[in-house]
Amino acid sequence: GSNTMWGGRFATGPDALMQAINASIDFDKRLAAEDIAASRAHAAMLGATGIVSDTDVAAIREGLLTVLSEIEAGDFVFSRELEDIHMNVESRLRELIGTAAGRLHTARSRNDQVATDFRLWVRGQCDAAIDGLTELMRALLAQAEAGADMVMPGFTHLQVAQPVTWGHHMLAYVEMLDRDRGRFRDARARMNESPLGAAALAGTSFPIDRETTAQALGFDRPMANSLDAVSDRDFALEFLSAAAITATHLSRFAEELVIWSTAQFRFVSLSDRFSTGSSIMPQKKNPDAAELIRAKPGRINGALVALLTVMKGLPLAYSKDMQEDKEQVFDAADSLMIALAAMAGMASDVVPQAERMHAAAAAGFSTATDLADWLVRRLGLPFREAHHVTGALVKRAEAKGVDLHELTLGEMQSEHPGITREVYDVLGVENSVASRMSYGGTAPEQVRAQAARWRAALA
Ligand code: ARG
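Source: prediction; values computed, not measured.

Caption draft 1: Quick look at the overall build of the chain. On a plain count of helices and strands, the chain comes out with 19 helices and six strands. In summary, the chain has a C-alpha radius of gyration of 31 Å against a globular reference of 23 Å for 459 residues, an excess of more than 25%. Projected onto the principal axes, the alpha-carbon positions of the chain cover approximately 100 × 50 × 40 Å. Among the 459 residues that make up the chain, the fraction classed as buried is 50%. Summarising the internal contacts of the chain: among those between residues at least 6 apart in sequence, 74% fall at separations of at least 24. Working note: accessible area of the chain is about 21,300 Å², and carbon and sulfur atoms make up 53% of it.

Structure below.
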C-alpha cells in the first residue's frame, strides 16, 4: 500500500530498493529522545497559540511520553517502512491516541524537525565532549603535580633536545585539551538556536510562536532565516572539526605512550587495565588502547571530510543528501567519547619511570645548550661562537664515548681556555631544568605554579 504519511498522491508503495536506500531508521532512532522532546514542545506551543485544542494537545503530549518510555524500555518496534524516527514516533502515537496524532504535524515539516533533533543531539555531544576532556585534564594534572620535578628528556625530531620535567610534559596536554574544550563551547554557543518552526523551508502561515519552542528546548533564540534553518549543517561540521582536533591531540599522547612503553624506552609502565597480552608471545604487554586511540583520527577525520563533501555544492534548501549527516556524526562522536574515557583511564594509571627518564635525559648531550648559555653568560662569548665551542666539546665527548660532564677540565679548556670548574654546575640535568625559569618554562617552580592554576581552574 501507499504511505500513510504522504501517500495521498501515490498509487503504489516504494520498491524494496527504494526503501533500502531511503530508510534512515536503523541509525536515526538514536534521535528518539530529542525528537520526542521537540514534538512535545511543538505541541505545547500549538495549544498555547490556539492552533490545536488543549484536549488534543494533552493527548499528544501524554502519548509522546508513552512512546518515549516504550523506546527506552526496548519495547518499541521500529519499522523501515516508516523510513525514519519522525514517522515511526508519529505512527505509534496514532496507534496510541488516534486521529489527534495527525494534528502534531501542523505548522511543521520533517525538515525543521530533523534539523532541530540533530542540533539537540549534537549540542548534547558538545557537553559530553567537554566533560570527557575535563576528566582527562584532571588525570593529567594529577600526573603533573606528582612529577613537577621529575626530569625527562625533551625531544625535537624525536632526538634528545633539552631536559624537561614530566609535569611540564603533562601540562602541555592540559593546555591543548583546554583549547579543545573551548572549541566545543564555542561551537555549542553558535549552534544553540532553534530551527523549529522553519517548517519545510519558507516558514508557515499558522500563527506559531518560535520563541516559546526555542526556550522550551533550551535554545537561546529561534534561527532568523527559515531557509538557513533547514539547510545548513555547519553545526555538525563544527562539532566534527573540534572532534578531529581533539582526536589529533589524543593521538599524539597515545603515540608517546606507545613509544615510551617499549623496552627500548621504558619511560612508563602502562597498567594492566589498558594493555593486552599476546596469545603466542608470553612476555608481551601490548598498549592496545593507546594504539586504538592513535587510530581514531582515521574515522573522525573521515567523518569530517565525508560531511563536508556531502554539503559541498548543495543548493538550498533541504535535500535528501543531508540524511547522510547522521551516521558520520554518530560514529565520530562515539569514537571521540570512548577515546576520551580510555585516555583518562590510561593517564591516571600510567606510572612514569623516574630513573629511566633521568638517565635518558642525562645522556645524549641534552645540556649542551646550558653549556653554550654559560659561555655567553660567564665568558661573554657571542652565542654563535659559544655554539661552535660547545659543538666541538660534544664532538670530543662523542669520540671518547662519554657525556659532557665526564670531560676533564683540561679537555674543556683546550676548546676554550676561559672555561672554569664552575661549568660542571650547569651540566647536570637538575640544574638545567631549574634554570628554565622563564614564564611557561620547564623549571619545577614554574610547573608547580601552572599546576596550581589548573588545580583551581578544574576544581
Ligand atoms: N530522515 C530525514 C533526514 O534525516 C528527515 C527529513 C526528511 N525530509 C524530507 N523532506 N524527506 O534528513
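Caption draft 2: Main features of the packing of helix H4 (residues 54-73) against helix H5 (residues 85-97). Axis separation between H4 and H5 bottoms out at 9 Å; the angle between their running directions is 115 degrees. For the crossing formed where H4 meets H5, the hand is right-handed. Every residue of H5 that contacts H4 at Ala59, Ile60, Gly63, Leu64, Thr66, Val67, Glu70 and Ile71 is listed here: Val89, Arg92, Leu93, Leu96 and Ile97. Partitioning the contact of H4 with H5 into residue classes produces nine nonpolar, two polar and two charged.

Caption draft 3: Representation of the UniProt feature "domain: Argininosuccinate lyase C-terminal" (unreviewed entry) in the chain. The UniProt record annotates "domain: Argininosuccinate lyase C-terminal" (unreviewed entry) at residues 365-434. The straight-line gap between the two end C-alpha atoms of residues 365-434 is 17 Å; of that span, 67% is helix and 0% is strand.

Caption draft 4: Highlighting the environment of Ala344. Note on placement: Ala344 falls in helix H12 (residues 325-349). Remark: the alpha-carbon pair of Ala344 and Leu140, spanning 204 residues in sequence, is separated by 7.9 Å.

Caption draft 5: Quick peek at H4. An ideal rise of 1.5 Å per residue puts 28 Å on 20 residues; H4 measures up with 29 Å between its terminal C-alpha atoms. Here H4 has its buried residues at Asp56, Val57, Ile60, Gly63, Leu64, Val67, Leu68, Glu70 and Ile71. Down the axis of H4, the buried side of the element spans an arc of 160 degrees, and every buried residue falls inside it. With respect to the buried face of H4, the exposed residues turned more than 90 degrees away are Asp54, Thr55, Glu62, Glu72 and Ala73. Each element contacted by the buried residues of H4 is listed here: helix H3 (32-48) and H5. Once H4 finishes, Gly74 follows within two positions and takes phi at roughly 80 degrees, a positive value.

Caption draft 6: Examining the environment of Ala146 more closely. Here Ala146 lies in helix H6 (residues 110-146). Along the backbone, Ala146 and Pro352 are 206 residues apart, and their C-alpha atoms lie at a distance of 10.0 Å.

Caption draft 7: Representation of the site of the ligand. Taken together, Ser24, Asp28, Asp84, His86, Arg110, Asn111, Val114, Tyr318, Lys320, Gln323 and Lys326 make up the full set of residues adjacent to the ligand. Between a nitrogen atom of the ligand and a side-chain N or O atom of Asp84, the distance comes to 3.0 Å. Within the side chain of Asn111, a nitrogen or oxygen atom sits 2.9 Å from a nitrogen atom of the ligand. Within the complex, 86% of the 340 Å² of free accessible area of the ligand lies under protein. Looking at the shell around the ligand residue by residue, the class counts come to two nonpolar, four polar and five charged.

Caption draft 8: Molecular detail of the pattern of salt bridges. Applying the stated criterion across every chain, the model contains 28 salt bridges. With its nearest N and O atoms 2.7 Å apart, the salt bridge here joins Glu238 to Arg190. Separated by 48 residues along the polypeptide, Glu238 in helix H10 (residues 234-260) and Arg190 in helix H7 (residues 166-191) bring together distant segments of the chain. According to the relative accessible area criterion, Glu238 is partly exposed, its value standing at 24%. Classification of Arg190 by relative accessible area gives exposed; the value is 52%. The closest approach of N and O atoms between Glu411 and Lys400, which form a salt bridge, is 3.2 Å. Here Glu411, found in helix H16 (residues 409-415), pairs with Lys400, found in helix H15 (residues 383-400); they are eleven residues apart in sequence, far enough to count as distant.

Reading guide: rules and limits
Going along each chain's sequence as written, the residues are numbered from 1 onward. Only residues with pLDDT of at least 70 are given local features in this predicted model, and only at 80 or more are side-chain atom pairs given and counted; all residues enter the totals for whole chains, interfaces and linings. To obtain the side-chain values, all non-hydrogen atoms of the structure were included, while hydrogens and water were left out. For helices the rule is a DSSP run of H or I covering at least 4 residues; for strands it is a run of E covering at least 2, with both sets numbered from the N terminus onward. Based on C-alpha atoms, the radius of gyration is set beside the globule rule, defined as 2.2 Å times the residue count to the power 0.38. Each residue is assigned to one of three classes by its accessible area relative to the maximum for its type, calculated with a 1.4 Å probe on protein chains only: buried under 20%, partly exposed between the two thresholds, exposed over 50%. A contact between two residues is defined here by any heavy atoms of the two lying within 4.5 Å. With residues, only the protein chains shown are counted as cover, and all accessible areas are computed by Shrake-Rupley using a 1.4 Å probe. Axis definition: a line fitted to C-alpha atoms, limited for helices to the stretch in contact. Angles are taken between N-to-C directions and run from 0 to 180 degrees. The crossing is said to be left-handed when, going from far helix to near helix, the turn is anticlockwise and less than a right angle, and right-handed when the turn is clockwise. Residue polarity is assigned by list, with Asp, Glu, Lys and Arg as charged and Ala, Val, Leu, Ile, Met, Phe, Trp, Tyr, Cys and Pro as nonpolar; anything else, Gly included, falls into the polar class. UniProt positions are given in the numbering used here, feature names are shortened, and annotations may be inferred rather than shown by experiment. Here, expected helix span is obtained from the residue count minus one, scaled by 1.5 Å. Note that the arc is defined by the directions from the helix axis to the C-beta atoms. Nearness of a residue to a molecule or strand requires only that one of the residue's heavy atoms be within 4 Å of it. Pairs of N or O atoms are called polar contacts if they sit within 3.5 Å, as long as, within protein, a hydrogen donor faces a hydrogen acceptor (for residues adjacent in sequence, only side-chain-to-side-chain pairs). Salt bridge, as used here, is a side-chain nitrogen of Lys or Arg placed within 4 Å of a carboxyl oxygen of Asp or Glu.

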